[in-house]
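Observations on chain architecture
Residues per chain, in single letters:
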Amino acid sequence: GPRRLIILGTAFETRGGIAAVVNVYREQELFRRWSIDYVVTHCDGGAVRKLATAARALLRFIALLAERRHAAVHVHCASRASFWRKAIFMAIAMLAGCPVIFHLHGGGFAQFYEKECGRAGRRVIRFFLDRAACVIVLSERWRAWMAGATDNRRIVCIPNPVPVPEESPALNRRNIVLFLGRIERSKGIFDLLDAISALRVPNPEIRLVCAGDGELESVKQYVERLAIGDAVDFPGWIGAAEKRSLMSRAAVFVLPSYAEGMPMSLLEAMAASVPVIATEVGGIPDVVTDSVTGFLFRPGDTAKLEQLLCRLMYDAGLGERIARAARDVIRRRFSAQQVVAQLEMVYAGLGLADHLRAGAPAGRLRHAA
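The structure displayed is predicted, hence computed values, not measured ones. Here the residue numbers are simple positions, counted from 1 along each chain's written sequence. Local features are withheld for residues below a pLDDT of 70 in this predicted model, meaning they are given only at 70 or higher, and side-chain atom pairs are given and counted only at 80 or more; totals for whole chains, interfaces and linings count all residues. Processing note: side-chain calculations cover all non-hydrogen atoms of the structure and skip hydrogens and water entirely.

**Some details on the overall build of the protein chain**
- Scanning the protein chain from terminus to terminus reveals 15 helices and 12 strands.
- Here the globule rule reads 2.2 Å times residues to the power 0.38, and the radius of gyration is calculated from C-alpha atoms. The globule rule puts the C-alpha radius of gyration for 369 residues at 21 Å, and the 21 Å found for the protein chain is close to it.
- Reported as C-alpha extents along the three principal axes, the dimensions of the protein chain are approximately 65 × 45 × 35 Å.
- A simple rule labels every residue: compare its accessible area, found with a 1.4 Å probe on the protein chains alone, to the largest value its type can have, and call it buried under 20%, exposed over 50%, or partly exposed in between. For the protein chain, buried positions account for 55% of its 369 residues.
- Working rule for contacts: check all heavy atoms of both residues, and any pair within 4.5 Å makes them a contact. Contacts spanning at least 24 positions in sequence make up 72% of the contacts within the protein chain whose residues lie at least 6 apart.
- Exposure was quantified through the Shrake-Rupley algorithm and a 1.4 Å probe, taking into account, for residues, occlusion by the shown protein chains and nothing else. When the accessible area of the protein chain is evaluated, it comes to approximately 15,900 Å², of which 53% is carbon and sulfur surface. A helix here means a DSSP run of H or I that spans at least four residues, while a strand means a run of E at least two residues long, and both kinds are numbered starting from the N terminus.

See below:
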């Protein structure tokens, strides 16, 4: 069986879900227990910087395969450019006879496969899915979708890992609504602004914090048009400490997205005991049980979103009950230890466990940077 593992993913400091997941793996000492080479195939920045990173990664990957003939390759992949970039790496790995673990992130993959790719594109995607040693998806809904997209039966559902913070005292969480993520139409940001605008009449104290980057200009123009500038704050992309501080002050977390995989920000909010309102898309209904661990609504149903926000704003007891139940679900199903253990079972299944380093020193983390 393979002796080493090559993981392809984004730079650790990149914004977004894949980096968040890989960083939890590192905190759980996955890189210390297994012989891992981590190859950075993507970074934040302009096109030139991204291209240079991908080119460096490719050269390093080929050198690693030449050096370590018996390697397994774990590919963290999303849609569009992320997939086509990884397809080159997967083709090389398969030519070299290396087993490939295809790990799907991001909620846009069904749309990408069904609507954006022509017949030839779909054929390429199926080619790689059919030949993967294992396909990892983030939720049961994605497993069901994937079963229709490939004949491969080695599909494993491993959710994203979520660190559960210490229980923090509930501060005064009356009026802050929190949104975390890319600020763009597909995340439902305009629907959320409409809801906030309507709620200011009964609740003039309401405040919305939208943390993240994206289409800020058009969103800010919309805020001006609705005349709610004094109620909406855009702190930009925030780090872990700021995120914790915002979560401790938020009355409710809202994710009004039109497509999702298994959003890390939602899981983090649930872990931090913030009541959540989210759309019933992607893997979200696998983790949020409506009216038990959060509230669900159909994308674009702004009236329902208003009603739910209103209920949570006025009924603190309801928010506390929902938040407690949500935190329990995260602790039971998404704890970092559990998730990493599931991933290690996949590695062991490929025969990598024969070479597990018992308390070995840190796996060589040589960046392609």
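**With respect to the packing of aromatic side chains**
- In this scheme Phe, Tyr and Trp rings, the latter by its six-membered ring, pair at centre separations within 6.5 Å, and the angle between planes marks the pair as stacked below 30 degrees, edge-to-face above 60, and tilted otherwise. One pass over the full model with this rule turns up 18 aromatic pairs.
- Measuring from ring centre to ring centre gives 6.0 Å for Phe83 and Phe112, while their planes differ by 55 degrees; the resulting arrangement is tilted. Here Phe112 lies in helix α5 (residues 109–116) and Phe83 lies in helix α4 (residues 81–95), a separation of 29 residues in the sequence.
- Residue classification places Phe83 among the buried positions, given a relative accessible area of 0%.

**What about the sheet that holds strand β11 (residues 276–279)?**
- As summarised here, the arrangement of the 6 strands in space is β9-β8-β7-β10-β11-β12, forming an open sheet in which the pairing is parallel. Each of the sheet's edge strands pairs with one partner strand only, and the pair in question is β9 (232–236) and β12 (295–297). The sheet shows a mean angle of 20 degrees between the axes of neighbouring strands, taken without regard to direction.
- Pairs of strands are assigned from DSSP output, requiring at least two bridges between the strands. When strand β10 (residues 252–255) meets β11, the two strands line up parallel, connected through 3 bridges. Bridge pairing in β11 links Val254 to Ile277.
- Relative to the sheet, helix α13 (residues 302–314) contacts β7 (176–180), β10, β11 and β12, its axis offset from that of β12 by approximately 165 degrees. Where helices are involved, their axes are fitted lines through C-alpha atoms of the stretch in contact, as for all axes, and angles between N-to-C directions lie from 0 to 180°.

**Some thoughts on the sheet that holds strand β1 (residues 4–10)**
- Taken together, the 6 strands give an open sheet; going across it, the order is β2-β1-β3-β4-β5-β6, and neighbouring strands pair in parallel fashion. Among the strands making up the open sheet, the edge pair consists of β2 (36–42) and β6 (155–157). In this sheet, adjacent strand axes meet at a mean angle of 20 degrees when their direction is disregarded.
- Against the sheet, α4 touches β1, β2, β3 (71–77) and β4 (100–104), its axis set at about 170 degrees to β3.

**Let's talk about the packing of α13 against helix α14 (residues 316–333)**
- Packing of α13 against α14 brings their axes to within 5 Å, and their N-to-C directions diverge by 100 degrees. Judged on the interaxial angle alone, α14 and α13 are roughly perpendicular. The residues of α14 that touch α13, namely those facing Arg311, Leu312 and Tyr314, are Ala316, Leu318 and Gly319.
- Taken together, the residues that form the contact of α13 with α14 break down as 4 nonpolar, 1 polar and 1 charged. Oblique is the label for any angle not covered by the other classes, which are roughly parallel (under 35 degrees), roughly antiparallel (over 145) and roughly perpendicular (65 to 115). Ten residues, namely Ala, Val, Leu, Ile, Met, Phe, Trp, Tyr, Cys and Pro, are considered nonpolar, four, namely Asp, Glu, Lys and Arg, are considered charged, and the remaining ones, Gly among them, are considered polar.

**A short note on the nonpolar core**
- Among the buried residues, those of types Ala, Val, Leu, Ile, Met, Phe, Trp, Tyr and Cys that are joined through side-chain atoms within 4.5 Å form a nonpolar core. Counting residues in hydrophobic clusters, the biggest one holds 93 residues, and the most contacted among them are Val177, Leu192, Leu266, Ile277, Val287 and Leu309.
- Per element, the largest residue contribution to this core is 7 residues, and it comes from helix α8 (residues 189–199).
- For Leu309, the contacting residues outside a window of four places in its chain are Val177, Leu192, Ala195, Ile196, Leu199, Val252, Val254 and Ile277.
- Grouped together as the second largest cluster of nonpolar side chains are 37 residues, Leu64, Val73, Ala93 and Ala110 included.

**Overview of the pairing of strand β5 (residues 134–137)**
- The alternating pattern of β5 places Cys134 and Ile136 on one face and Val135 and Val137 on the opposite face, and all of these are buried.
- Two elements, β4 and β5, share 3 bridges in a ladder whose sense is parallel. Looking at the pairing, Ile101 lines up with Cys134 of β5.
- Note that β5 and β6 share 3 bridges and pair parallel.

**Brief notes about the pattern of salt bridges**
- Whenever a carboxyl oxygen of Asp or Glu lies within 4 Å of a side-chain nitrogen of Lys or Arg, that contact is scored as a salt bridge. Per the stated rule, a full pass over the model turns up 17 salt bridges.
- Asp37 is the salt-bridge partner of Arg4, the closest N and O atoms lying 3.1 Å from each other. Of the two residues, Arg4 is situated in strand β1 and Asp37 in strand β2; the sequence distance between them amounts to 33 residues.
- Ionic contacts of the salt-bridge type, sharing partners, join the residues Arg4, Asp37, Glu67 and Arg68 into one network.

**What about the state of the cysteines?**
- Cysteine sulfur pairs qualify as disulfides if the two atoms are within 2.5 Å. All told, the structure shown has 0 disulfides when counted by the stated rule.
- Not part of a disulfide, Cys77 finds its nearest cysteine sulfur in Cys117, a span of 11 Å.
- Take Cys210: it sits in no disulfide, and the sulfur closest to it among the cysteines is that of Cys310, at 19 Å.

**Some thoughts on helix α10 (residues 240–249)**
- Of the residues making up α10, those classed as buried are Leu246, Met247 and Ser248.
- Of the surrounding secondary structure, the elements contacted by the buried residues of α10 are β7, β8 (207–211) and α11 (264–271).

**Structural notes on the environment of Ser248**
- With respect to the secondary-structure elements, Ser248 resides in helix α10.
- Ser248 sits in the buried class, given a relative accessible area of 18%.
- Separated by 36 residues in the primary sequence, Ser248 and Gly212 place their C-alpha atoms 18 Å from one another.

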